[in-house]
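# Structure at a glance
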Amino acid sequence: MRGIAIQHFKEIEHTADWAFRACGRDLAQLYANAARGLFALQGSTGSSETSLAREVAVSGVDRETLLVNWLNELLYLQETQRETYSCFEILEISETQLRARVRGRPHRPEGKLIKAVTFHDLEVRQSEEGWEVAIVVDV
Amino acid sequence: MTTAKRSIPTRRDLVQVTQHLWEIPRSFRSDMRAPARLYADEALLDDALGDRSSEQLVNTATLPGIVRYAIAMPDIHQGYGFPIGGVVATRLPDGVISPGGVGYDINCGVRLLASEASAGEVSPFLAELASRLYRNCPSGVGVHGEIKLQDSELDKVLVEGGRWTEERGYARAEDLQHTEEFGTMPGADPEYVSHKARERGRAQVGTLGAGNHFIEVDRVAEIFDETAAEFLGLFADQAVVQIHCGSRGFGHQVCEDYVARFQTTVHDYGIELPDRELVCAPFESEEGQQYFHAMACAANFAFANRQVLAHCVRRSFEQALAGKISGFDLHQVYDIAHNMAKIEEHVVGGTHMRLCVHRKGATRAFGPGSPGLPDDLRDIGQPVLIPGSMGTASYVLIGTLGSMEQTFGSTCHGAGRVWSRARARKTVRGQQLRQELEERGIAVRTGSMQGLAEEAPQAYKDVSRVVDVVARAGISKKVARLEPIAVIKA
């Protein structure tokens, strides 16, 4: 996970906490890649070996709130269900609603995990390739 | 969200007020409602201007109802929304409360316990003591402790905090006397806490957590103020223990819930802000009150958490040291919060004002004679606990009349980061760091070498320098310096 330079998300420097940039050709891919980045930062290898699936539905008043609610929902499930996720399929998405199927496996947390996703300078914006966002997380 | 042009202040934008105090005037940016002030020496000022923390400080000066100025302590570093090391007071009733101004780890804080034994007496048994502490004090994100609470019992924790721990046999009466707010934050109402927060917190009372949280056994390496040290029961070469942690997943969820909800609230009140993480509501509004009730629940959760951990630390000392040395019992020196919004009365321009004082990565440092201090400390002022970075010194300070005059009774909270976690991981190897610490006689127990590397001392400012600034600026007084002999981390 050190110096992540995988295609659709990349760790960026932040003094106290962690930050990463995600991109996607459309909003569905952006939100899936943001989730991949979130779990990659926590040491997930993106393994295709999964043994469980969950359906997640979240809403938010705008794209940014939807993104924060989506990622925080995954962190909540990770902590309370003791699971980790590596596969994110966005089933439905609008500006304010998201429904997804996530797949992963049971996971006993060890060491550092992300505690929360913040709104700090958060802006989901259009880029030449589609969409991008920079996300600061609390660790 | 605003039309004001964002930019990072440079040296040219600063006006020096005193030797250790600098001001960014309101004219720097059109949306500032008050000036911003930074406590620093030359080197720490360069650090503060080296990342985006000074811009974040300016952002906090835009909060409606801000009184006097936004303040940055010398350990300021880049956070999200507020900088870490920031103090903002807003006037009541119309000033705002900002969940992001408190942060995710509500009532993250430090507790100091002191034995009657010398570090020399403890050191032959240090390895066993460190292992006992690591086993007895569960650590790691999402880790569960011994206590699992049903809803009605969890409600009692949220309303009573430290008082609940006393009823359950985890606290001595004198522990609560020597805890900020006496261990119980007023205003807590579990009705405003979400189901999710409950689920995250239910099994986490008595757990250390991850990140920069730790338990550390220290020796008192130097006494600066004999009289104050005697009041606090501290003496040279004494073995003492610091516990640094907060409200765990419970507090995070409370913050998340209200930062998300306030994204619309802020528009309802017509408040424009430069950063969405700063969202806020007027303190006396329905939404502002709801957050305050929930925040107080998280504060009580954290007081209970540190108290149960103190109980586990006492048990570890007994298991490792009973029958071997005397004086292993631990008395509580004090317990402080460094992420909190509190209602306090301060004198502003000769007038008594009720304020909502946000301290994010900053510590209350009430001077002698202040309300809220226990009788035995009223004459010397509030103890302030400043943990250093891992493997370096920590400090015990006391609040002063200067902090009451200058900083709404506030001071610094720690060393403050200068390196990103990514840079620390790239530069430092956890295993090698552990070896270096052990070669210096410091026992290390950790579950994560990566976590250890991220907290490497090189990643932080020099805590002694930070403490010297607050002492010279007159907002705290040095009492004692502590040096680690055992570190327990997630």
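Given the structure is predicted, the values throughout are model-derived calculations rather than measurements.

### Quick look at the overall build of chain B
- When you go through chain B residue by residue, the secondary structure sums to 16 helices and 19 strands.
- For 490 residues, the compact-globule formula gives about 23 Å, and the C-alpha radius of gyration of chain B, at 21 Å, lands near that figure.
- Seen through its C-alpha atoms, chain B measures out along the principal axes to roughly 65 × 50 × 50 Å.
- The proportion of buried residues among the 490 residues of chain B is 64%.
- At a minimum sequence separation of 6, the contacts of chain B that also span at least 24 residues come to 78%.

### Considerations on the interface of chain A and chain B
- At the junction of the two partners, chain A supplies 34 residues and chain B supplies 41 residues.
- Mapped by element, the contributors of at least two residues to the side of chain A that touches chain B are α2 (63-81) and β8 (131-138) of chain A.
- By residue number, the principal contributor to the side of chain A that touches chain B is α2(A), which donates eight residues.
- Per-class residue counts for the side of chain A that touches chain B are 12 nonpolar, 10 polar and 12 charged.

### A word on the packing of helix α1 (residues 27-41) of chain A against α2(A)
All names here are of chain A.
- It is the contact of α1 with α2, at a shortest axis distance of 10 Å, that shows an interaxial angle of 40°. Between α1 and α2, the angle falls in the class oblique. Considering the relative orientation of α1 and α2, their crossing is right-handed. Here Y31, A34, A35 and L38 of α1 lie close against α2, whose contacting residues are L67, W70, L71 and L74.
- Partitioned by chemical class, the residues of the contact of α1 with α2 number eight nonpolar, no polar and no charged.

### Quick word on the packing of helix α10 (residues 248-268) of chain B against helix α11 (residues 286-321) of chain B
All names here are of chain B.
- As a packed pair, α10 and α11 sit with axes 9 Å apart at the nearest point and diverge in direction by 170°. Comparing their axes, α11 and α10 come out roughly antiparallel. Facing α10, whose interface residues are R248, F250, G251, V254, Y258, F262 and T265, α11 presents E287, Y291, A294, M295, A298, F301, A302 and N305.
- Among the residues forming the contact of α10 with α11, the class breakdown is 10 nonpolar, three polar and two charged.

### Overview of the sheet that holds strand β4 (residues 70-80) of chain B
Residues and elements named next belong to chain B.
- Within the open sheet, the seven strands sit side by side as β1-β2-β3-β4-β5-β13-β12. Their pairing is mixed. The open sheet has two edge strands with one neighbour each: β1 (15-18) and β12 (339-348). Strand-to-strand twist in this sheet, taken as the mean axis angle between neighbours without regard to direction, amounts to 40°.
- Of the strand pairs in this sheet, β1 and strand β2 (residues 21-24) are connected by three bridges, and their pairing is antiparallel. Residue pairing in the sheet places Q16 in a bridge with W22 of β2.
- The strands that helix α2 (residues 53-60) touches are β2, β3 (36-39), β4 and β5 (82-91); relative to β4, the one it contacts most, it runs at about 110°.

Basis of the calculations
- Residues numbered from 1 in each chain as written.
- Chains lettered and ligands numbered in written order.
- Predicted model: local features only at pLDDT ≥ 70, side-chain atom pairs only at ≥ 80, totals over all residues.
- Helix = DSSP H or I, 4+ residues; strand = E, 2+ residues; numbered from the N terminus.
- Rg over C-alpha atoms; globule rule 2.2 N^0.38 Å.
- Buried ≥ 20, exposed ≤ 12 C-beta atoms within 10 Å, placed from the backbone.
- Contact = placed C-beta atoms within 7 Å.
- Nonpolar A, V, L, I, M, F, W, Y, C, P; charged D, E, K, R; others polar.
- Axes fitted to C-alpha atoms, helices over the stretch in contact; angles between N-to-C directions.
- Parallel < 35°, antiparallel > 145°, perpendicular 65-115°, else oblique.
- Left-handed = near helix turned anticlockwise from the far one by under 90°.
- Pairing = 2+ DSSP bridges.

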